[in-house]
Amino acid sequence: MPTFSNPVLPGSRPDPSICRVGADYYLVTSSFAYFPGLPVHHSRDLVDWTPLGHVVDRPSQVSLTGLDVSDGLWAATIRHHEGTFYVVVTLARGRRGSTTHLFTASDPAGPWSDPVALDAEGIDPSLFFDDDGRCWFTACRDAAEPEVTGPGELWMRELDLHRQELTGPTYALWYGAVRGAWVEAPHLYKRDGVYHLIAAEGGTEHHHAVTAARAESVTGPYTTDPRSPLLTHRHRGAAEPVHNVGHADLVDTPAGETWAVVLGTRPTDGTHTLGREVFLVPVEWTDRGPVFAPETGRVGLSERLPAGVAAPPAQDGRPVRDDFAGPALGPEWTGLRGPTDHLVFPLPGEGGLSIRLSPEPLTSTGTPAFVARPQQHLRMRAAALVRLTAPAPGQEAGLVVFQNERRHATLALTVDGDGTRQAVLTAVDAGISTRLGAVPVTGTEVVLAVDGDEAAYAFHVEDGARSTVGSIERPFFSTERAGGFVGVHLGLYGTSGTGEGEAHVRWFEYVPGRD
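Residues numbered from 1 in each chain as written. Predicted model: local features only at pLDDT ≥ 70, side-chain atom pairs only at ≥ 80, totals over all residues. Heavy atoms only, no water.

Trainee: Even after reading the chapter, I still don't get the sheet that holds strand E11 (residues 123-129), so can you show me in this structure?
Mentor: Sheets are built from strands that pair by backbone hydrogen bonding, the pairs being arranged parallel or antiparallel. Pairing in this open sheet of four strands is antiparallel, and the strands run E11-E12-E13-E14 from one edge to the other. Two strands lie at the open edges of the sheet, namely E11 and strand E14 (165-174), each paired on one side alone. The average undirected angle you get between the axes of adjacent strands in this sheet is 25 degrees. (Pairing = 2+ DSSP bridges. Helix = DSSP H or I, 4+ residues; strand = E, 2+ residues; numbered from the N terminus. Axes fitted to C-alpha atoms, helices over the stretch in contact; angles between N-to-C directions.)

If you want it as C-alpha cells, here you go:
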C-alpha cells in the first residue's frame, strides 16, 4: 500500500485548521509575532502543501509591536461559505486572549480584508455553517464556576454574516471530558443530523489530547463522548517518535473519506526544537462518532495515502537555495512584528539581498532587521554568502538560529577597533549575550554556516578554508528549555548601534539531512 511521510507540514506550523473547496484544500496555522502572519497553504492531495501567502500582510491589519514572540496570532480557523473565505483568530498579549479578529477574502491567496473585531472573549475561535445557512461562532474562555465545572468553558453565539457581528444569546456548550484540565480548540461538525464538538484538553504539551461531545441541537446540551480522549499520545513511552498530539480539525475528501490535521512534536531525548508540526490522520465515522487512526490508534511517521491519490507526492525534503532575485521575499520568509524597511532586493547589477543595519537588536520586542524561515529537519545545514560593506566597530550581520528574543545564537561578521575582521559566535540566554568563539576572516565575502543534528548546532566559516567557530548543544534551543510555543527559525539579520552600515547576502541555502 502506498504511503506518505508525516508530518505533512514540518517545522513550526502549529494549530492547523483546514477547509476544502471542490478539489482544493486550504490550511492555516498560528504565526504568533512573526510577520507576515497566518500563513495559508494549498494542496490537492492533503499531503503535498504549497504556501500561498498570508492573511495578515499589512501592518494596518493587526499591530504586533511590543509582543513576545510566543504572543500574537493564535489558533486561527479557516472556513469557506458561498464564495467567501473566513478566518477567525485570537490576538494574544501576555499569554492571554486580547482581541478576536474576523478576516474575509474571495481568494485564499489574498488580499484579505482588514479585520473586524468581534465581541468575544477567550481564545481559539472557530466557525460552523449549519445546513440552514446560519453561522455559529465558538471559542473557549475561563469558566464562571471553575470549582464546579472545571477551569475552561466552550461557548457559542451566532455570527451575523451581513453585519459581521455576534448576535443573540450566549450558550455555554461544554466543560470538557477531563475535569481539572483546560478545554480549548473547539470545532463543530454535523454528521447524520448529530452535532459533534471536537476539542483539545490537557495543554499543548505531553498531556495534549483530542476529546469530544455530541448533541441533537447545535446549541446543546452537549454530552461527553465517553471514549474521550479519542486521540492522544500521553500514555505512550519516550521512544514514541511523535508526542504532544492534539488540536484536530477535520475535512471530508471528494472520495468520501475524512481526514484530520493535528499538531504534534518530534522530540529527541526529551526535547524538541522544530516546534509543533502538522500531521495527517485518517478518521472513520461510526455510530459512536469519529474514530481517529482506526487501524493503529496513533499518529505515525508513515501513513497510507488518501483514496484517489495514485502515488506518493513529492514532500519537502529537497535543498532550497534563494538568490533573492526579487521583487519580494518568498512566502516562507518572515520577520518579527511587522515589515522592515531594512531589506532591499535585488541589488542593482548583482542581485542578492541588502540588509541595512538597524539599531533594533534581536533581544528587543521591536522590528529588527531580520528575516527567517522555520527549521524543518532535525539534521540540516543552513548557509549564506555574506559581505559586510565598509564595516565599522559596533556593526554586525550574519546568520541567526532564533528561538525567541531571549534565547538565540548568531554567527556574525564584525570588525574590531583595530580593523580586524572576524566571524563571531554569540549565544543569548535570558537576554544575556555570551561570546563563544571567533575566527579572523580575510575575504570580503565569506560563507557563514550552521549544521544541526541530534546533539548540537555547529557553526562554521568558509573563507578559503573551512573553520569551526564553535557549537551549542541542541537542547539549548528547545521549547522545553526556552518556554513558549514556537520552534527554531533560521535566518539573517544585521544590527548597528548607530543604525548605520549595510550587509549584502548573495544567497541563502537550506539543505535537509537524513533524519
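Trainee: Help me understand the nonpolar core in this model?
Mentor: Soluble globular proteins tend to bury their nonpolar side chains together. Within the largest apolar cluster, 41 residues are counted, with the highest numbers of intra-cluster contacts made by Leu448, Phe459, Val461, Leu492 and Phe508. The element that contributes the greatest number of residues to this core is strand E30 (residues 380-389), accounting for five residues. Phe32, Val69, Val218 and Leu336 belong to the second-largest nonpolar core, a separate cluster that totals 32 residues. (Core = buried A, V, L, I, M, F, W, Y, C linked by side-chain atoms within 4.5 Å. Buried < 20%, exposed > 50% of the residue type's maximum accessible area, 1.4 Å probe, protein only.)

Trainee: Just checking my understanding: could you explain empty space enclosed by the protein for this structure?
Mentor: Under the definition given, this model contains three cavities of 30 Å³ or more. Ser12, Arg13, Ser30, Ser31, Phe32, Tyr34, Pro36, Pro39, His54, Thr334, Val486 and His489 together form the lining of the largest cavity. Split into classes, the residues belonging to the lining of the largest cavity amount to five nonpolar, six polar and one charged. What the second largest cavity holds in volume is close to 70 Å³. Among the elements of the structure, strand E32 (407-415) and strand E33 (421-429) are those that each provide at least two residues to the lining of the second largest cavity. Tallying contributions element by element places E32 first for the lining of the second largest cavity, with three residues. Class assignment of the residues belonging to the lining of the second largest cavity gives a composition of six nonpolar, four polar and one charged. (1 Å grid on protein atoms, 1.4 Å probe; cavity = no way out; pocket = protein on both sides within 12 Å on 5 of 7 lines; lining within 4 Å. Points joined across faces, edges and corners; volume = space filled by probe spheres on them. Nonpolar A, V, L, I, M, F, W, Y, C, P; charged D, E, K, R; others polar.)

Trainee: Before we go on, may I ask you to explain unusual backbone geometry in this structure?
Mentor: Leaving glycine aside, a negative phi is the common case for residues, and trans is the common case for peptide bonds. For the peptide bond that leads from Asn6 to Pro7, omega is -5 degrees, which places it in the cis range. Structurally, Pro7 can be placed in the loop between strand E1 (3-5) and strand E2 (17-21). Residue Gly220 is joined to Pro221 through a cis peptide bond whose omega torsion reads 10 degrees. Positionally, Pro221 belongs in the loop between strand E17 (209-215) and strand E18 (223-224). Of note, the phi angle at Phe32 is positive, near 60 degrees, even though the residue is not glycine. In this fold, Phe32 is placed in the loop between strand E3 (24-28) and strand E4 (34-35). Phi angles above zero are rare outside glycine, and Asn244 is one such case at about 60 degrees.

Trainee: Where do I start with the environment of Ser478 in this structure?
Mentor: Inspection of the secondary structure puts Ser478 in the loop between strand E37 (465-473) and helix H2 (479-482). When the C-alpha atoms of Ser478 and Arg407 are compared, they prove to be 9.7 Å apart, with 71 residues separating the residues in sequence. In this structure Ser478 touches Thr271, His272, Thr273, Gln403 and Gly483, once residues within four positions along its chain are discounted. A polar side-chain atom of Ser478 sits 2.7 Å from the main-chain carbonyl oxygen of Pro475. (Contact = heavy atoms within 4.5 Å. Polar contact = N/O pair within 3.5 Å; in protein donor to acceptor, adjacent residues only side chain to side chain.)

Trainee: Could you clarify how one ought to interpret the pattern of salt bridges in this entry?
Mentor: Enumeration over the complete set of coordinates arrives at 35 salt bridges. A salt bridge links Asp71 to Arg95; the shortest N-O distance between them is 3.3 Å. In this pair, Asp71 sits in the loop between strand E6 (50-56) and strand E7 (72-81) while Arg95 sits in the loop between strand E8 (84-93) and strand E9 (96-105), placing the two residues 24 residues apart along the sequence. The closest approach of N and O atoms between Arg141 and Glu121, which form a salt bridge, is 3.1 Å. Remark: Glu121 occurs in the loop between strand E10 (116-118) and E11 and Arg141 occurs in strand E12 (residues 135-142); sequence separation between them is 20 residues. Looking at Arg141, the relative accessible area reads 16%, which means it is buried. One network of salt bridges, with partners in common, ties together Arg321, Asp323, Arg381, Asp451, Glu462, Arg466 and Glu509. (Salt bridge = Lys/Arg side-chain N within 4 Å of Asp/Glu carboxyl O.)

These figures come from the coordinates and say nothing about function on their own.
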